[in-house]
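Structural overview for review
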Amino acid sequence: MAESVVTYLVDRLTTLLEEEVKLLSGIREQVEDLVAELQRIKAFLRVADAKEDGDPQLKVWVKQVRDVAHEMEDALDKFRLFHSHHHGHGFRASLHKLSCIVKKWKVNHQISADIRRINSKVKSLYEGNERYKLVARAGSSPASLVHHHKIGQGEALLLEEADLVAIGEHKKQLIELLMKGDTGRQVVPVVGMAGLGKTTLVKQVYEDPKVQKRFKVHAWITVSRSVKINQLLRRMINKIFRVITKPDPEDEEVETMDDNQLRERIKKLLQNSRYLIVLDDIWHIQDWVAINHVMPNNDRGSRVMLTTRNVNVASASCLGNPADMIYRLQPLSPEDSWTLFCKKTFHGESCPPNLEGFCQCILMKCRGLPLAIVAIGAVLALKDKRIVDEWAAVCGSIGAEIAGNDQLDSMKKLLYLSYRDLPYHLKSCFLYLSIFPDFYKIEHMKLIRLWLAEGFVIGKEGRTPEEVAESYLRELLNRSLIQAAETSTDGRVKSYRIHDLLLEIIILMSREQNFAAIEKGQGQGTICPDKVRRLSIVNTLQNVCQTRTPSRLRSLLVFGVEDSLADFPIPKLLPNLQLLTVLDLEGARLDMFPSEVVKLLLLRYLSLRHTKVKQIPSSIKKLQNLETLDLKHSHVVELPAEILNLKRLRHLLVYRYEVESYARFNARKGVKIPAGICGLQSLQKLCFIEANQYSGALMAELGRMNQLRRLGIYKLRAEHGVTLCSSVQKMTNLRSLSVSSTEKDKIIELSHISHTPPFLQRLYLTGRLENLPRWISRLQNLVRLFLKWSHLKEDPLVHLQGLPNLVHLELLQVYDGESLHFDAGGFPSLKLLGIDKLDELQLVTIEEGAMPQLEKLIIQRCESLKKVPHGIEHLNSLKLLEFFDMPDEFITALNPDDGGDHWKVAHVPAVYYSYWRGGGWDVYSLVNDVESINPGTSAVRRLERNILWKA
């Protein structure tokens, strides 16, 4: 972790040396010396981070390095802060500028002294490491390898003792995967986060008599995190020799073989046998690559099983094999979790009624992770069932229990291994998740924007910082360190969550390293750690940081705070917030823009989302470093001209939903922006800008913003459609385009695009078109298409069904014709289709082979449609079919008691239809056991949400 801090500091100092030559006059050589010293110390930190927890002295040394790096960062930011001050114009500005010349001399003198002092500390740290030999350049010692190996085995041993529940079905499925298939060698990876019981499950399969009988030659090899390939190959030879009842080869013979000779020996041993090799706990793709070709494809039905936490390893092992061989182990269900918990905690007896609430609370933290349930159950089994306070304490602070209970040490170390294995640039990104409360779904783009503001993202040539951050998230997801909480129909992850116990562990690490802290306002006079860099405040401002505010704070975020910000006065805190780069006041009780915020000159991220702020002051121009301005769901309707001074702005979010209702689809509201927006050349996202009768020039300006990834236009006037088309075709990086017109009687001309944006994936068009723009059919990467109020005179499906990657299609008042026809082979990737308020529609025909991937079909408010779509029985992938507010004849035709078309949809797992009756929906299920759902239930609310139109 310290390496991340030092690397970030070195990068910043190097940039300073390259870009701020004039500012560094007199201190340049000192900065260069400091960079050189930090580069020397970096060589040791990568190794130190990996082994620091096993050596208290080393841990102290790493902490000292981290503190010194933070000191230098503070000095550097104070230097930048002084040079960020805006002098203004006129006589007063001249006087201010004159005084600044004097101040500049003092500041440069001060930073010179700071650098000399810090440089001396860095040299002392380097010499201390050399003197005490705390870190060897060569890397981890053999002892540390043994330590990691033992921890890896601990998961299996601990879970075996528990006699896991619900293992039978998993075991059956895995045995089927081993037995089925052709005679070629196949790989069956079992993937999932630490503690799920992967090793336990695979061991049960491996030792099953049917498996042992089928695979006469079998070997179990534990790979572990820090493996040496030659040691692994020797271990394989010895295990194979034992199972084929040959005497072990002489140690001297094997020891003298090089890697190639070892590989050849293994190949010969396996060549003529049907074998099963289990590779337990593979961490890295290169380890798989190194051992893969040792196991020959001898066309005898051999199998290789492996366990891994890394999805990339599982995918790499299946190259050339069916992807469905990957077995993704999931957490236990709530019922199975409770069974296992009671078995371990109460020795199979039922939970005492007085403890049930606390036990459910504790179990919720475990989130179906067997290792956690077993480990925490073992701790609770020793507690007195009559002393309720002890159980309540664990429920209230499971993190404190993890930190202070030696019985949970193995679980903690096992989960910590996943963090330790991360490359250094991902460690800060992962620790940053500790600032989010445990109930919070971490929004995909919000996290990316925060990482950028924090400086965690390392630039790569040819890629935007956002794209690099996307790759970081994929890596954490593939390593099973985070989980997808919400996914869109086109496969994009919208939000993430982190397992509660992993969160508790990184919260402890963050506090220990002064990286971040969470304050929940509990108790009286809470004192924030003085050196903490990031602070999140949850639920209430009461009693938070009453004694002092951290003097080194870089980020301040609030979550779910309902108190007025008057209880947390920013002016009093301002002297300690001068170095702030992130200020997130989302959801705070705030009616006006806090005027003190514009004094935070280093601010890179500012969020006033879900506040009642109505105006942004002209003084916003002072925030020259701002990269993200998030005003989504605020009351801001117009931005001042001074916003154009923010040349580093990358993300501008300024829209809200005024009405979220079934009755009104034009619910999104945009914002008026000043002319000259094209001057913000760094903008990646601009949503949603309000067009008007004077916006022809604005539409033309947009063509110069070729860095835009997402663009949203609201209230486009019909006469500006051609100009907008001219601009859009110049936006070569555009991924998402939303265009809305409220002039229902005027046709928007959007056909004049000859060169389509090559990466466009999402398109939302609202307004009268009459003819579908032909360029849409050329969008080979399009995955989502929403069309609203188009009133086309031709069947749109003719031009859309050839789109190869279209996954989600919704049509609202799109077509005035009487029939829709889905041709065989059309819409090959479509998974969700919504058809709404096509008033003239009388017939829907689906040919066999059309929409082969379709999973969800929604038809609603089509008042002329009297029958179920003809050919609906061909949709073999359909999982959910919903009919809303359809005519009585349609519902009668569905009714199985009247000999209707129910048989056509009998293969679908769930079919719902509904009426609007009085004050709510009557919702009925034809296929599920439930015949009706009472209005007002959660099921009805879910169905009502499906009929909201949200682009």
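Since the model is a prediction, treat every value here as computed from it, not as a measurement. (Residues numbered from 1 in each chain as written. Predicted model: local features only at pLDDT ≥ 70, side-chain atom pairs only at ≥ 80, totals over all residues. Heavy atoms only, no water.)

**Overview of the pairing of strand S1 (residues 186-191)**
Burial of S1 is extensive: 6 of the 6 residues sit out of reach of the surface. Burial along S1 is two-sided: Gln-186, Val-188 and Val-190 and Val-187, Pro-189 and Val-191, pointing in opposite directions, are all buried. Sheet topology places S1 next to strand S4 (residues 303-308); 6 bridges connect them, and they run parallel. From the neighbouring strand, Val-190 faces S4, where its bridge partner is Thr-307. One ladder, built from 2 bridges, connects S1 with strand S5 (residues 327-328); its direction is parallel. Pairing of Val-190 across the sheet is with Tyr-327, part of S5. (Buried < 20%, exposed > 50% of the residue type's maximum accessible area, 1.4 Å probe, protein only. Helix = DSSP H or I, 4+ residues; strand = E, 2+ residues; numbered from the N terminus. Pairing = 2+ DSSP bridges.)

**A closer look at the pairing of strand S27 (residues 856-860)**
Every other side chain in a regular strand lies on the same face of the sheet, so the side chains alternate between the two faces. Across the 5 residues of S27, 5 count as buried, placing the element largely inside the fold. Residues Lys-856, Ile-858 and Gln-860 line one face of S27 and the alternating positions Leu-857 and Ile-859 line the opposite face, and both faces are buried. Where strand S25 (residues 832-836) lies against S27, 5 bridges are found, and the strand directions are parallel. Across the sheet, residue Leu-832 finds its bridge partner in S27, namely Lys-856. Relative to strand S28 (residues 880-884), S27 runs parallel, the two sharing 5 bridges. Note that in S28 the partner of Gln-860 across the bridge is Phe-884.

**Regarding helix H21 (residues 444-454)**
Of all the 11 residues making up H21, 10 are buried; the element is thus mostly covered by neighbouring parts of the structure. Within H21, burial applies to His-444, Lys-446, Leu-447, Ile-448, Arg-449, Leu-450, Trp-451, Leu-452, Ala-453 and Glu-454.

**Some thoughts on the environment of Leu-800**
The residue Leu-800 is located in helix H27 (residues 797-800) in this model. Note: C-alpha distance between Leu-800 and Ile-776 (24 residues apart in sequence) is 7.6 Å.

**Here we look at the confidence of the model for the chain**
Low pLDDT marks stretches whose predicted atomic positions should not be read closely. Looking at the chain as a whole, the pLDDT averages 81, with 80% of positions reaching at least 70. Contacts from residues 137-154, a stretch scored under 50 in pLDDT, to residues over four places away or in other chains number 20 contacts. The low-confidence segment residues 928-951 (pLDDT under 50) makes 53 contacts with residues lying over four places distant or belonging to another chain. (pLDDT = per-residue confidence, 0-100. Contact = heavy atoms within 4.5 Å.)

**Comments concerning the state of the cysteines**
Covalently bonding the sulfur atom of one cysteine to the sulfur atom of another cysteine gives a disulfide. By the definition in use, this model includes 1 disulfide. Sulfur-sulfur distance for the disulfide between Cys-361 and Cys-395 comes to 2.2 Å. Here Cys-361 and Cys-395 share a disulfide; its torsion about the S-S bond, 100°, makes the bridge right-handed. Remark: Cys-395 occurs in helix H17 (residues 388-396) and Cys-361 occurs in helix H15 (residues 356-366); sequence separation between them is 34 residues. Of the residues examined, Cys-361 reaches a relative accessible area of 25% and is grouped as partly exposed. According to the relative accessible area criterion, Cys-395 is buried, its value standing at 17%. (Disulfide = S-S within 2.5 Å.)

**Observations regarding the sheet that holds strand S7 (residues 483-487)**
In spatial order, the strands read S6-S8-S7; together these 3 strands make up an open sheet with antiparallel pairing. If you trace the sheet from one side to the other, it starts and ends with strand S6 (442-443) and S7, each paired once. Of the strand pairs in this sheet, S7 and strand S8 (residues 493-497) are connected by 4 bridges, and their pairing is antiparallel. By the bridge assignment, Ala-484 is partnered in S8 with Tyr-496.

**Some thoughts on the nonpolar core**
Ranked by size, the top nonpolar core spans 116 residues in total, and within it Leu-606, Leu-686, Leu-702, Leu-763, Ile-776 and Phe-822 carry the most contacts. Beyond its immediate sequence surroundings of up to four residues, Phe-822 is in contact with Leu-797, Gln-801, Phe-827, Leu-833, Val-844, Thr-845, Ile-846, Glu-847, Ala-850 and Met-851. In this structure, Leu-177, Leu-332, Leu-408 and Leu-473 belong to the second largest nonpolar core, which totals 100 residues. (Core = buried A, V, L, I, M, F, W, Y, C linked by side-chain atoms within 4.5 Å.)

**What to know about the sheet that holds S5**
Spatial ordering of the open sheet is given by S2-S3-S4-S1-S5, a layout of 5 strands whose pairing is parallel. Edge positions in the sheet fall to strand S2 (217-222) and S5, since each has one partner strand and no second. Of the pairings in the sheet, the one linking S2 to strand S3 (residues 275-282) comprises 6 bridges and is parallel in character. Bridging across to S3, Thr-222 finds its partner in Asp-280. In the packing of helix H12 (residues 285-292) onto the sheet, the strands contacted are S1, S3 and S4, and the crossing angle to S3 comes to about 160°. (Axes fitted to C-alpha atoms, helices over the stretch in contact; angles between N-to-C directions.)

**Observations regarding the environment of Met-445**
Mapping Met-445 onto the fold places it in helix H21. Residue classification places Met-445 among the partly exposed positions, given a relative accessible area of 23%. Note: C-alpha distance between Met-445 and Glu-470 (25 residues apart in sequence) is 8.9 Å. Setting aside residues no more than four positions away along its own chain, Met-445 makes contact with Glu-470 and His-651.

**What to know about the packing of helix H9 (residues 229-243) against H12**
Two packed helices can be described by the angle between their axes and the distance between those axes. Where H9 contacts H12, the two axes come as close as 11 Å, and the packing angle between them is 45°. For the element pair H9 / H12, the angle class is oblique. Considering only the axes of H9 and H12, their crossing is right-handed. Every residue of H12 that contacts H9 at Ile-229, Leu-232, Leu-233 and Met-236 is listed here: Asp-287, Ala-290 and Ile-291. A per-class count over the contact of H9 with H12 returns 6 nonpolar, no polar and 1 charged. (Parallel < 35°, antiparallel > 145°, perpendicular 65-115°, else oblique. Left-handed = near helix turned anticlockwise from the far one by under 90°. Nonpolar A, V, L, I, M, F, W, Y, C, P; charged D, E, K, R; others polar.)

**Quick word on the packing of aromatic side chains**
Tallied over the full model, the rule gives 16 aromatic pairs. Ring geometry for Phe-456 versus Phe-515: centroids 6.1 Å apart, planes at 20°, classification stacked. Residue Phe-456 is located in the loop between H21 and helix H22 (465-478), and its partner Phe-515 is located in the loop between helix H23 (500-512) and strand S9 (517-519); the two are separated by 59 residues in the primary sequence. Just as Phe-456 is buried, Phe-515 falls in that class too. Residue placement shows Lys-427 over the ring face of Tyr-419; its charged tip is 5.7 Å from the ring centre. Over the aromatic face of Phe-515 sits the side chain of Arg-534, whose NZ or CZ is 4.3 Å from the ring centroid. (Phe/Tyr/Trp six-rings, centres within 6.5 Å; stacked < 30°, edge-to-face > 60°. Lys NZ or Arg CZ within 6 Å of the ring centre and 35° of its normal.)

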